[in-house]
Amino acid sequence: MMAAPTAVEQTMTKRTETLLKPVPTTSQAGESFSADSWTGHDCLVDFLEKEVGSDLKSLKNVGDLLEKLREENNVLEEQVLTVSSSVPPKVSAALSAAEEALCSLEDLLQRERLTSNMLHQHLQGAQPWMDNLGQTLNQVDTIERHVKYLRCLQHIEELSAAVQQCLMTSSVWEAIRAVDNMAALDAGLNQSGCSHLKDFLRETLHFWHKIIKDRLASDFEKVLTQLHWPIISPPTQSLTPTANAQEISSQLELLVTQLLALQTSDDLISQRALAPCQGVPSIQPASSATPPSQAPLCLPIQIMLLPLSRRFRYHFYGNRQTNSLSKPEWYLTQVLMWMGNSSTFMEEKIQPILDRAGATISAMVELCRGLLSLVQEKVASDASRLLYDDVLFCHLVEEVLQFEKELRSNQSYPAALPGLLHLLLEEATLQKWLTVEKKMAVEKMDAMLSAEGAWSSQYKDISDMDELKAPDCAETFMTLLQVITERYRALPCPSAQLKFLGLQRELVDDFRIRLTQVMKEESRCPLGARYCAILNAVNYISTILGDWGDNVFFLQLQQAAVSLGEEVVLGGLGVLEVGRLASLEGSLFEGLLALLDRLKGDMLGRLLEWTMREIADKAKLYGQDRWLSLPPQHDQSTMTLSSSACPMMLCVRDRLLNLHQVLSLSLFQLAWQGLAERLDNVLYQDVILSNHFSEGGAAQLQFDMTRNLFPLFGHYCKRPENFFKHVKEACIILCLNVGSAILLKNLLKESEDEVRDWAGAGDPPPESALNELGVYCLAPCDVLILLNLRASWPGH
């Protein structure tokens, strides 16, 4: 590459181009006078001015100048040619490659068009062959399906003939295996569209299955009869006779095993049949009472249930006297007796056979399932007929609950299997139960509140059992709620349980309103026995509900309520309240407890107000005593209670004893502490701050408080003076010796002045000095006021 031209060379090039540029003609006059033309003309003039100037003699040098310019022009042309010839070879190669690729692409496109045309022509020529081949394949497929159909039909006939041959030769096991093969074939054809073939197969299966089953059932019933089945009454002798016992046991095991082998085809037929097979009664409950996903009963157990089913229907259906809507306990008890009487037979005779056959079922559980299906059908029928009779409906519910309890406990029926409780969860039955439960509860509440001994405790003469002093009405009411809980506790549906919980909360609120109404009638005499009994009732109910809030059963219901979003329980609660319930910080009874606590607080406040009104009236005389003129007592052992304090002290003692007798322990704790707080305030305000005290008066006040008033409360706590902080600390200040009182007074005044002047920030606060004296409650300003109430100052 050549070096870039210098500035001089660039200038010379421009000037040469200007000189060599032709002069525009006249025809170009309209265009030549552009800006570029004027620029070139100016450059030429400037160049001539510079080289020739105004001296005409220098024109002789024009030839040399022209030659020089030509040489420069040749040099520049060579430079341009040199640069042009040095273009990189890669660019040239890339251009060549591109041209070759373009040619290849055009060639490929041409070949593609030729191939496409040939293929299209070939397909058009092959289409008739394809059509003919498709028809032939369809015919082959049809023939093949016909062949399979005929083979399947032949297989069915062969199986049918095999079953017939086996039955003729008494080869029961071979016949059962052939029937099982039919059942397997039926299951395999389940998705087939050959409806006639499937119907033929099912009819054939049903025909032979019924024959085998009837034969086995007949033999099985004969053996059971020899074993004295069914066992209607408690067995009093050996279950098996002594003669040919081994032979009967062998026959029993053989028949049970064969019936178990027939179970697969029996289940298949039972599922698809519109009605139960002939010879086997409908031992499954009605559809409305059948919980989902129940497996069919074991075939031997179905046959064993036949005589029991006949007896049940004979006695508890139709016009028999034993079929009474008012006596559901008759058939419920009868079924429980059958279960109990049959348990030994099932465990000793049937269960070992099932175990040896590899059947993972319990003979006793299967028998209970079968008997339960009879009861379920009967209960569902009776419940729908008793929806308009409250008394009989309640009796039926009670008997069903009792039956369920005995079934789970005495018969060890698995909790995973349904009993009878799901029958009570149908919408109409459940709603009726809730309505009757509420109606009965309201009637009992009316009766218990109007009873003669409603407001007395049945344990009043037994001190160890009467801490809560709950009146009979409150205890009866909570027992009523507990009975309701026990009734719905076993229900298998949390949603239904929450409906009953909502009913309980409604009843508690109703009872609270009734207590409030009775309380308002008794509020004119808050110190009366009935008023205190109402207060005890509120406290008792609140205590029990608080315990229920921590009970595992109610905590589980609380979680269920949050997860299900039950409006009956969570209605009206905000997001925060629901969150607290979800984290188990709150309880389902929080709203009721808040209302009960408010009522309890109001009643206790009114009780203390009336008590303090009487005590304050007695304390007036004590506040008017001559505290300023009492002489000092040097010997405290000779001091006695102020005569003016005796009525107040007697009143406090009597009221404490009375409250202790009529209030529960927890309420009395609140009562005497509230009374102490109020009495402390009255004595401080009306006695201490309203008088001036001499040295003897302060000593007498301290003696009255520490030796007489405080001990009255000492029966209920170890340090009663801690509940009279104002009075105790006031006595400390009033009884200080003169020197200490002067120093303390000066300290408090200096501290007050320093605070006012924003000074003394480094000095210890006056509270530290007061704390050393045992004063923690009173503020420094209050202590100054008390010091000013002292009359024993020097110079006075």
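Treat the numbers as computed from the prediction; the structure is a model and nothing was measured.

A few words now on the overall build of the chain. Secondary structure summary: the chain contains 28 helices and zero strands in total. Out of the 796 residues belonging to the chain, those deemed buried represent 39%. Within the chain, residue pairs in contact and separated by at least 24 positions form 76% of the contacts whose partners lie at least 6 positions apart.

Mean pLDDT over the chain works out to 84, with 84% of the residues at or above the 70 mark. Note on residues 1–35: pLDDT is under 50 here. Beyond four places in sequence and across chains, it has 21 contacts. Segment residues 274–290 is flagged for pLDDT under 50; beyond a separation of four residues in sequence, or across chains, it makes 34 contacts in the model.

We now examine the packing of helix α12 (residues 363–385) against helix α13 (residues 390–409). Running from N to C, α12 and α13 point in directions that differ by 165°, and their axes come no closer than 12 Å. Judged by the angle between their axes, α12 and α13 are roughly antiparallel. Relative to α13, the crossing made by α12 is left-handed. Touching Leu372, Val379, Asp382 and Ala383 of α12 are Leu396, Val400, Phe403 and Leu407, all from α13. Its residues assigned to classes, the contact of α12 with α13 shows seven nonpolar, no polar and one charged.

It is worth spelling out the environment of Leu599 at this point. Relative to the helices and strands, Leu599 is located in helix α21 (residues 590–623). The class of Leu599 is buried, set by a relative accessible area of 8%. Leu599 sits 61 residues away from Val538 along the chain, and the two C-alpha atoms are 7.6 Å apart. Excluding anything up to four places from it in sequence, Leu599 contacts Arg512, Thr516, Met519 and Val538.

A surface patch of nonpolar side chains, about 270 Å² in accessible area, is lined by Leu102, Leu105 and Leu109. Looking at the element boundaries, Leu105 is found in helix α5 (residues 89–168). On the basis of relative accessibility, which here comes to 46%, the residue Leu105 falls in the partly exposed class.

A word on the pattern of salt bridges. The full count for this structure, using the stated rule, is 26 salt bridges. Three or more residues are tied together by salt bridges with common partners; here these are Asp390, Lys432 and Lys439.

Moving on: the environment of Ala363. Here Ala363 lies in helix α12. In this structure Ala363 touches Ile301, Met346, Ile350, Gln351 and Leu354, once residues within four positions along its chain are discounted.

Here we come to the packing of helix α22 (residues 646–662) against helix α23 (residues 665–688). In contact at an axis separation of 10 Å, α22 and α23 are set at 160° when each is read in the N-to-C sense. Classed by the angle they form, the pair α22 and α23 counts as roughly antiparallel. In terms of crossing hand, the pair formed by α22 and α23 is right-handed. Each of Met648, Val652, Leu656, Leu659 and His660 in α22 lies in contact with α23, whose residues at this interface are Phe668, Ala671, Trp672, Leu675, Leu679 and Leu683. Here the contact of α22 with α23 is composed, by residue class, of ten nonpolar, one polar and no charged.

What follows deals with the environment of Tyr149. Looking at the element boundaries, Tyr149 is found in helix α5. Separated by 45 residues in sequence, Tyr149 and Cys194 place their C-alpha atoms 8.7 Å apart. Apart from residues lying up to four places away in sequence, Tyr149 is in contact with Cys194, His196 and Leu197.

Attention shifts here to the packing of aromatic side chains. What the rule picks out here adds up to 22 aromatic pairs. Considering the side-chain rings of Trp672 and Phe723, the 4.8 Å spacing of their centres and the 70° angle between planes classify their relative orientation as edge-to-face. With Trp672 in helix α23 and Phe723 in the loop between α24 (695–713) and α25 (725–734), the pair connects residues that are 51 residues apart, well separated along the chain. Here Phe723 falls in the partly exposed class, since its relative accessible area comes to 30%. Aromatic pair Phe713 and Phe724: ring centres 5.1 Å apart, planes at 65°, arrangement edge-to-face.

The next point concerns α24. Given a rise of 1.5 Å per residue, 19 residues ought to cover 27 Å, and the 27 Å separating the end C-alpha atoms of α24 matches this to within 8%. Considering bend angle alone, the principal kink of α24 is centred on Met705 and spans about 30°. Of all the residues in α24, the buried ones are Gly696, Gly697, Ala698, Gln700, Leu701, Phe703, Asp704, Met705, Leu709, Phe710, Leu712 and Phe713. Of the surrounding elements, those touching the buried residues of α24 are α21, α22, α23 and α25.

What follows concerns the side chain of Ser542. Residue placement: Ser542 occurs in helix α17 (residues 529–549). Of the polar contacts made by the side chain of Ser542, one reaches the side chain of Asp597; its length is 3.2 Å. In this structure Ser542 touches Leu593, Leu596 and Asp597, once residues within four positions along its chain are discounted.

Here is what the cut-offs are and how they apply
Throughout, residues of each chain are indexed from 1 in the direction in which the sequence is written. A pLDDT threshold of at least 70 governs which residues receive local features in this predicted model, and a stricter bar of 80 or more applies before side-chain atom pairs are shown or counted, although totals over entire chains, interfaces and linings include all residues. Heavy atoms from the whole structure form the basis of all side-chain values; hydrogens and water molecules are not counted. In this description a helix means any DSSP run of H or I spanning at least four residues, a strand means any run of E spanning at least two, and both kinds are numbered starting from the N terminus. Throughout, exposure labels follow a simple rule: accessible area from a 1.4 Å probe, protein chains only, divided by the maximum for the residue type, with under 20% read as buried, over 50% as exposed, and the rest as partly exposed. For this analysis, residues touch if any pair of their heavy atoms sits within 4.5 Å. Across the chain, each position has a pLDDT score giving the predictor's confidence in that residue, from 0 to 100. Angles here are taken between N-to-C directions and fall from 0 to 180 degrees, while the axes themselves are lines fitted to C-alpha atoms, restricted in helices to the stretch in contact. Here roughly perpendicular refers to angles of 65 to 115 degrees, roughly parallel to angles under 35, roughly antiparallel to angles over 145, and oblique to all remaining angles. Handedness of a helix crossing follows the sense of rotation of the near helix relative to the far helix, less than a right angle counterclockwise being left-handed and clockwise being right-handed. The nonpolar class holds Ala, Val, Leu, Ile, Met, Phe, Trp, Tyr, Cys and Pro. Asp, Glu, Lys and Arg form the charged class, and all remaining residues, Gly among them, are polar. Here, patches come from residues exposed beyond 30% relative accessible area and free of salt bridges, joined within 9 Å for like charges and within 5 Å for nonpolar side chains (Val, Leu, Ile, Met, Phe, Trp, Tyr). Only the protein chains shown count as cover for residues, and all accessible areas are computed by the Shrake-Rupley method using a 1.4 Å probe. A carboxyl oxygen of Asp or Glu within 4 Å of a side-chain nitrogen of Lys or Arg is what we treat as a salt bridge. Ring geometry is summarised as follows: Phe, Tyr and Trp rings, the Trp one being its six-membered ring, pair when their centres sit within 6.5 Å, and such pairs are stacked at plane angles under 30 degrees, edge-to-face over 60 and tilted between the two. A helix is expected to reach a length of 1.5 Å times the quantity of its residues less one. The bend at a residue is defined as the angle formed between two axes, one fitted to the seven residues ending at that residue and one fitted to the seven starting there. Polar contact is defined as a pair of N or O atoms within 3.5 Å, subject to the rule that within protein one atom must be able to donate a hydrogen and the other to accept it, and that residues adjacent in sequence are counted only when both atoms are side-chain atoms.

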